[in-house]
Amino acid sequence: MIKITNVRLRGKEGLYSVEIKGGSILNISEYSGETGDLNGMGNLLTESFAVPHLHIDKVETGEMVENETVSIYQLGGGADEAIRKAAEVKKHYDPEKIAARVTEKFLQAVSNGVTFMRVFADVDSYAELKGFLGVLRAKERVKNFLDVEIVAFPQQGFFTDRGAEALVEEAIKNGADVVGGIPWIEKTEEDKKQHIRISLELAKKYGKPAAFLVDDAPDPKLRTLEYLADETVKYGLQGKVEACHARALEVYDKESLFRTFEKVKEADISLVTNPHTGKYHLPVQEALNYGINVALGQDDCNDAYYPYGSCSPLEIAFLASHLLWMMDPDGREKIYDMITWRAARAAGLERKLEAGKRADLVLLKRENVKHAIRYHERPAYVFREGLAVSENL
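Quick summary incoming for the structure in this document.

Rules used throughout
Residues numbered from 1 in each chain as written. Predicted model: local features only at pLDDT ≥ 70, side-chain atom pairs only at ≥ 80, totals over all residues. Heavy atoms only, no water. Salt bridge = Lys/Arg side-chain N within 4 Å of Asp/Glu carboxyl O. Helix = DSSP H or I, 4+ residues; strand = E, 2+ residues; numbered from the N terminus. Buried < 20%, exposed > 50% of the residue type's maximum accessible area, 1.4 Å probe, protein only. 1 Å grid on protein atoms, 1.4 Å probe; cavity = no way out; pocket = protein on both sides within 12 Å on 5 of 7 lines; lining within 4 Å. Points joined across faces, edges and corners; volume = space filled by probe spheres on them. Nonpolar A, V, L, I, M, F, W, Y, C, P; charged D, E, K, R; others polar. Pairing = 2+ DSSP bridges. Axes fitted to C-alpha atoms, helices over the stretch in contact; angles between N-to-C directions. Core = buried A, V, L, I, M, F, W, Y, C linked by side-chain atoms within 4.5 Å. Contact = heavy atoms within 4.5 Å. Lys, Arg positive; Asp, Glu negative; His and termini not counted. Polar contact = N/O pair within 3.5 Å; in protein donor to acceptor, adjacent residues only side chain to side chain. Parallel < 35°, antiparallel > 145°, perpendicular 65-115°, else oblique. Left-handed = near helix turned anticlockwise from the far one by under 90°.

Section: the pattern of salt bridges
Piece 1. Counted by the stated rule, this structure contains 37 salt bridges.
Piece 2. Close ionic contact of Asp147 with Arg384 constitutes a salt bridge, the shortest N to O distance being 2.9 Å. Of the two residues, Asp147 is situated in strand S8 (residues 147–153) and Arg384 in strand S15 (residues 381–384); the sequence distance between them amounts to 237 residues. Across this residue pair, the class does not change: Asp147 and Arg384 are buried.
Piece 3. The closest approach of N and O atoms between Lys263 and Asp230, which form a salt bridge, is 3.3 Å. Here Lys263, found in helix H8 (residues 254–267), pairs with Asp230, found in helix H7 (residues 224–234); they are 33 residues apart in sequence, far enough to count as distant.
Piece 4. Asp230 gets classed as partly exposed once you look at its relative accessible area, which sits at 28%.
Piece 5. When salt bridges that share partners are traced, they join Asp147, Arg351, Arg358, Asp360, Arg384 and Glu385 into one network.

Shown next as structure tokens:
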């Protein structure tokens, strides 16, 4: 058993002690000066961080292609063009080199307080299964520190890349955890709808969740999130689907926006936004107010689309609080939710600092959320199932 004493908890006054046994939180009680295994020095103890969206096979490849792609993507009007140019990187994929880069990035994430990641690995005619196999090796190497789900992701589409469907299914058979999709880049509305059906059919067939990139451009004609919500209900996959980006929603008229929100809520789809990697982003406050689960993702780390990124959810929270104008006390708390329990929920996980729940926790170096986001430092301690997997004193 581990006892962490003299800590602050979100939403509570005073100081507390938290007892952990068998990987779960056993008891939470008011701190009365007793000794324990770790004195939190009055700092904040919270759920650990989760990253529900990162294109992990591409990390640290920015120098190979960014001159042609970063400005195209971030201006918001040429994401599909950036995707085509970025595909050149995948011609040089080597599973072992990818495994080494990804392992380093996974360990960096752990030191930044992350205990769960849902990562996207491209499976298409450029990458074949090379990127996926490299990520699979890295996942095995960090299994004692970090929980990882791999999304088999058809980055180039199904109809614009005819071999991708078979590769996604092969990846699922060989250890991928999640079926991916990117319907918005297909050329016709029917192809976009059929792309969604293919991914959901595979998810249903293999009993997997699904994760999609949708409407990643400021074009009000893009409607794949709405299509996805309709099909999710038809396939009976409510609560098992996440949708990332949805930047087009920022330029929807109100009627279209709230019609889409209503369908997303009915389908119990979680939305993942990455406001730091592009000029446009989904309307986060409106989605939260509508009762939709919204999380923050990392998206990229030094690749064709974004030149920065260190797998630090607190860094992402710091940037998002500015970009989303959520710097007031209520806004900061919502932002912090989006890197902790909401981010975990996007992947279908329940992560709350409550008795009986899994003890995935971070002990921060600050006493409240405001200063945690303000300084976005590495946590002093990171716990996975009650065991310390990182110390940054």
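With respect to empty space enclosed by the protein
Piece 1. In the structure shown here, the tally under the stated rule is five cavities of 30 Å³ or more.
Piece 2. Of the voids in this model, the largest cavity is the one considered here, and its volume is about 90 Å³.
Piece 3. In terms of lining, the largest cavity is formed by His55, Tyr73, Ile83, Gln155, Ile182, Trp184, Leu213, Asp216, His245, Asp299, Asp300 and Tyr305.
Piece 4. Along the lines of polarity and charge, the residues of the lining of the largest cavity split into six nonpolar, three polar and three charged.

So, the sheet that holds strand S4 (residues 38–39)
Two strands in a sheet stick together by hydrogen bonds in their backbones, pointing the same way (parallel) or opposite ways (antiparallel).
Piece 1. With respect to topology, four strands assemble into an open sheet ordered S3-S2-S1-S4, the strand pairing being mixed. Lying at the two open borders of the sheet, with one neighbouring strand each, are strand S3 (24–30) and S4.

As for the sheet that holds strand S14 (residues 361–363)
Piece 1. Reading across the sheet, the four strands line up as S5-S14-S15-S16 and stay open at both edges, with antiparallel pairing between neighbours. Where the open sheet ends on each side, the last strands, each with one partner, are strand S5 (45–47) and strand S16 (387–391). Neighbour-to-neighbour, the strand axes of this sheet turn through a mean angle of 25 degrees, independent of strand direction.
Piece 2. Here S5 pairs with S14 via three bridges, running antiparallel. By the bridge assignment for S14, Leu45 is matched with Leu363.

Thoughts on the nonpolar core
Piece 1. Ranked by internal contacts, the top residues of the largest apolar core, which has 116 residues, are Phe106, Met117, Leu200, Leu228, Ile269 and Ile335.
Piece 2. Considering every element that reaches this core, the biggest residue donor is strand S7 (residues 114–122), with six residues.
Piece 3. Counting residues in hydrophobic clusters, the runner-up holds 16 residues, among them Ile20, Leu38, Leu353 and Ala380.

A few points about the environment of Ile182
Piece 1. Positionally, Ile182 belongs in the loop between strand S9 (178–181) and helix H6 (189–206).
Piece 2. What makes Ile182 buried here is its relative accessible area of 1%.
Piece 3. On a C-alpha basis, the gap between Ile182 and Leu314 in space is 27 Å, while along the polypeptide they are 132 residues apart.
Piece 4. Apart from residues lying up to four places away in sequence, Ile182 is in contact with Ile83, Phe153, Pro154, Gln155, Gly157, His195 and Leu213.

Let's talk about the environment of Ile316
Piece 1. By the element assignment, Ile316 lies in helix H10 (residues 313–323).
Piece 2. A relative accessible area of 3% means that Ile316 is categorised as buried.
Piece 3. For the pair Ile316 and Gly348, spaced 32 residues apart in the sequence, the C-alpha separation amounts to 21 Å.
Piece 4. Setting aside residues up to four positions removed in sequence, Ile316 forms contacts with His276, Leu296, Gly297 and Gln298.

Some points on the environment of Glu391
Piece 1. Topologically, Glu391 is positioned in strand S16.
Piece 2. With 279 residues separating them in the primary sequence, Glu391 and Asn112 have C-alpha atoms 9.8 Å apart.
Piece 3. With residues near it in sequence (within four places) discarded, Glu391 still touches Ala380 and Tyr381.

Remarks on the side chain of Asp57
Piece 1. Summarising the element assignment, Asp57 is placed in the loop between strand S6 (49–55) and helix H1 (62–74).
Piece 2. Here Asp57 is buried and forms no salt bridge, its nearest opposite-charge partner Lys58 lying at an N-O distance of 4.5 Å.
Piece 3. At 2.7 Å, the side chain of Asp57 forms a polar contact with the side chain of Tyr93.
Piece 4. Of note is the side chain of Asp57, whose polar atom sits 3.4 Å from the backbone nitrogen of Asp122.
Piece 5. If near-sequence neighbours (up to four positions away) are discounted, Asp57 is found in contact with Tyr93, Ile98, Arg101, Phe120, Ala121, Asp122, Gly131 and Val135.

Describing the packing of helix H3 (residues 95–111) against helix H4 (residues 130–141)
Piece 1. It is the contact of H3 with H4, at a shortest axis distance of 7 Å, that shows an interaxial angle of 45 degrees. Taken as axis vectors, H3 and H4 run oblique relative to one another. Pair H3 / H4 crosses with right-handed handedness. The residues of H4 that touch H3, namely those facing Pro95, Glu96, Ile98, Ala99, Ala100, Val102, Thr103 and Phe106, are Lys130, Gly131, Gly134, Val135, Arg137, Ala138, Lys139 and Arg141.
Piece 2. Split by residue class, the contact of H3 with H4 holds eight nonpolar, three polar and five charged.

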